[in-house]
Amino acid sequence: MDDAPSPLLAVTIGEPSGVGADVTLMAHRDRERLNLPRFVLLADPEMVAQRAERLEIDVSIRTVGSPAEALEGSEQDLAVLPLVNRHLEAPGRTDPANGAGTVEAIDRATRLCLSGDVAALVTNPIDKKALYDVGFAHPGHTEYLADLCGALTGRVLQPVMLLTGPELSCVPVTIHIPLADVPRALTTDLIVATARIVSDDLRSRFALDAPRLAIAGLNPHAGERGAIGREDEDVVRPAVEILRAAGVDAIGPLPGDTLFHPEARATYDVALCMYHDQALIPAKTLAFDETVNVTLGLPVIRTSPDHGTAADRAGNGTARPNSFIAALRLAGRMAAIRAESPVAA
Ligand SMILES: NC(=O)c1ccc[n+]([C@@H]2O[C@H](COP(=O)([O-])OP(=O)(O)OC[C@H]3O[C@@H](n4cnc5c(N)ncnc54)[C@H](O)[C@@H]3O)[C@@H](O)[C@H]2O)c1
Ligand SMILES: N[C@H](C(=O)O)[C@H](O)COP(=O)(O)O
């Protein structure tokens, strides 16, 4: 694997008022020392140049017409595939005029992944509310990518959000929905379908032979055998039984509060959690700077830093690029695994 050429990744700029440009410029500056995979950035080159100047990062930006052109030039340059829509450079200030460019970058990068022009997609954070305000009809990247890939491939796709770091990997079974809607959204079928995607993708995308899944309960103490809420017995337990009967190494329902201490973590590869914060609080608490958000269940490889737009840190040099760097590395590793195994393609 060491002799294989580094796969080219596509990076999207994300919300221009956030730290996407900052962490991308920092990673590019340190790429040789860190031995990072090569990438082409989908962005407004002028906006990126302005942010580099603000951050006093000395960078040579080379606009390119295609990913192939990005590979032809010097690795010293930051290769930028320009957007049709412009981006205003204003750290910390969202602007409705920026929405179209932000979505354009994600859309075009995804198409480049599907066509095989790039090996994987690394997205910088978007400001979800800013995009909702200009008509973006998806809760986040995760759901948007599933719909876009589904429309382009004629498949119905269920996206699965995986947060993976050095100490914990976990999946929220329900994702971007209000907490009040979780019990209604949580079904045995959804848990089974999510667990199957996790189990299959851990094998094909992460080269993990026998994935062990721990499935959390919804209620305190996993429902105390039905005394504190019925969902654990009526919805989660049947899912675990179906999975086990199908040969998936799954255990549960397990109380959520004792699922994340070190001894518990040693017993599984991925924890399936019933709602967003049950998964993302432990993931971001244990390793905010190293955890990566991966979308499973897609025909493309997509990773992202675990943090958001961090508008308070944009343009002032205080953003840490670590999670973005981890996202680049993981996308490169996943692309290499896929290149070696036709099953994962
Ligand atoms: N993948 C994504 O697109 C994604 C992920 C999470 C949040 N978001 C969006 O980001 C916006 C802000 O969300 P939030 O405030 O809840 O979370 P956030 O991660 O942007 O910020 C939370 C805290 O962490 C700090 N922080 C974040 N990234 C950092 C970095 N790289 N270096 C140093 N400190 C960092 C911030 O300064 C802030 O104090 C929201 O609009 C949300 O929807 C997008
Ligand atoms: N739920 C993620 C988080 O809190 O970090 C985040 O919103 C990312 O969502 P997308 O990758 O779907 O944009």
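Residues numbered from 1 in each chain as written. Chains lettered and ligands numbered in written order. Predicted model: local features only at pLDDT ≥ 70, side-chain atom pairs only at ≥ 80, totals over all residues.

Draft legend 1. Looking closely at the domain arrangement of the protein chain. The assigned domain composition of the protein chain is domain 1 (1-157 + 298-345) and domain 2 (160-295). Summarising the inter-unit geometry, the C-alpha centres of domain 1 and domain 2 are found 28 Å apart. Taken together, the contact pairs 22 residues of domain 1 with 17 residues of domain 2. Elements with a minimum of two residues in the side of domain 1 that touches domain 2: helix 7 (141-153), strand 12 (302-305) and helix 13 (322-340). Here the side of domain 1 that touches domain 2 gets seven residues from one element, more than from any other, and that element is helix 13. (Domains from an automatic or database assignment. Contact = placed C-beta atoms within 7 Å. Helix = DSSP H or I, 4+ residues; strand = E, 2+ residues; numbered from the N terminus.)

Draft legend 2. Region of interest: the confidence of the model for the protein chain. Averaged over every residue, the pLDDT of the protein chain is 96; the share at 70 or more is 97%. Scoring the predicted complex yields pTM 0.95 and, for the interface, ipTM 0.98. (pLDDT = per-residue confidence, 0-100.)

Draft legend 3. Fine view of the packing of helix 9 (residues 188-206) against helix 10 (residues 231-245). Look at helix 9 against helix 10: their axes get within 8 Å of each other, and the N-to-C directions meet at 40°. The angle between the axes of helix 9 and helix 10 places the two elements in the oblique class. With respect to the hand of their crossing, helix 9 and helix 10 are arranged in right-handed fashion. Taken together, the residues of helix 10 that come into contact with helix 9 (itself represented by T188, I191, V192 and A195) are V235, V236, P238, A239, I242 and L243. (Axes fitted to C-alpha atoms, helices over the stretch in contact; angles between N-to-C directions. Parallel < 35°, antiparallel > 145°, perpendicular 65-115°, else oblique. Left-handed = near helix turned anticlockwise from the far one by under 90°.)

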